[in-house]
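# Structural overview for review
Next come the chains, spelled out residue by residue.
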Amino acid sequence: MSRQFPAKTVIAITFNDGSVGEYTGKRMNEIYDRALAAFRLGNNLDAKGFDRNHKKIHRRNAVEVVPVTAGMAP
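Described below are features of the structure shown in this document. Fair warning: this is a prediction, and the values are worked out from it, not measured in the lab.

### Observations concerning the overall build of the protein chain
A tally of regular secondary structure across the protein chain gives one helix and two strands. Secondary structure elements of the protein chain, listed N to C terminal, follow the sequence β-β-α. A buried classification covers 28% of the 74 residues belonging to the protein chain. Excluding contacts between residues fewer than 6 apart, the proportion of contacts in the protein chain whose partners are at least 24 apart in sequence is 44%. Carbon and sulfur atoms form 54% of the exposed surface of the protein chain, whose accessible area is close to 5600 Å².

### Observations concerning the nonpolar core
Core analysis: the biggest nonpolar cluster contains 11 residues, these being Ile11, Ile13, Phe15, Tyr23, Met28, Ile31, Tyr32, Ala35, Leu36, Val66 and Met72. Those elements giving two or more residues to this core turn out to be strand S1 (10-14) and helix H1 (25-42).

### Topic: H1
Helix length check: H1, at 18 residues, gives a terminal C-alpha distance of 26 Å against a target of 26 Å (1.5 Å per residue), a fit within 8%. Looking at H1, one finds that the buried residues are Gly25, Arg27, Met28, Asn29, Ile31, Tyr32, Ala35, Leu36 and Arg40. The secondary structure elements touched by the buried residues of H1 are S1 and strand S2 (20-24). In the stretch just after H1, Asn44 is the one whose phi turns positive, near 55°.

### A look at the pattern of salt bridges
Under the counting rule described, the total for this entry stands at one salt bridge. Among the ionic pairs, Arg27 bridges to Glu30, the shortest N-O distance being 3.9 Å. Of the two residues, Arg27 and Glu30 both sit in helix H1, three residues apart, roughly one turn of that helix.

### What to know about the environment of Asp17
Tracing the backbone shows Asp17 in the loop between S1 and S2. Accessibility expressed as a relative area gives 60% for Asp17, which makes it exposed. For the pair Asp17 and Ala70, spaced 53 residues apart in sequence, the C-alpha separation works out to 8.4 Å. There is a polar contact of 2.7 Å between the side chain of Asp17 and the side chain of Ser19.

Cut-off values and rules
Along each chain, the written sequence defines residue order, and numbers are assigned to residues from 1. Residue-level local features of this predicted model are given only where pLDDT is at least 70; pairs of side-chain atoms are given and counted only at 80 or more, and the full residue set underlies all totals for whole chains, interfaces and linings. In computing side-chain values, all of the structure's heavy atoms are included and hydrogens and water are not. Secondary structure elements follow DSSP: runs of H or I no shorter than four residues count as helices, runs of E no shorter than two count as strands, and numbering proceeds from the N terminus. Here the term buried applies to any residue with accessible area under 20% of the maximum for its type, exposed to any over 50%, and partly exposed to those in between, with areas from a 1.4 Å probe on protein chains only. Throughout, a contact is declared for two residues whenever any of their heavy atoms are within 4.5 Å. Note on areas: these come from Shrake-Rupley sampling with a 1.4 Å probe, and a residue is covered only by the protein chains present in the view. Think of a nonpolar core as a cluster: buried Ala, Val, Leu, Ile, Met, Phe, Trp, Tyr and Cys residues, connected wherever their side-chain atoms sit within 4.5 Å. Helix span, as expected, comes to 1.5 Å for every residue beyond the first. The salt bridge definition used is simple: a Lys or Arg side-chain nitrogen within 4 Å of an Asp or Glu carboxyl oxygen. Polar contact criterion, stated in full: a pair of N or O atoms within 3.5 Å, where within protein one must be able to donate a hydrogen and the other to accept it, and residues adjacent in sequence count only if both atoms are side-chain atoms.

Below, the structure written as structure tokens:
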């Protein structure tokens, strides 16, 4: 997913069960930010995505999938 969507953009997601949810860009950005924070916490990275424990700094944030569910608050 794109890192940031314009706040007022409407994004339609079709789920596997056939239901469709519409979310604003602002809401999707919030979901992405939470997923990124959880990824960094789970991989012992700091707020900027750097692993301060190793001498070799890994600068890539590997969030490719953001969890969304049918019935999620818009």
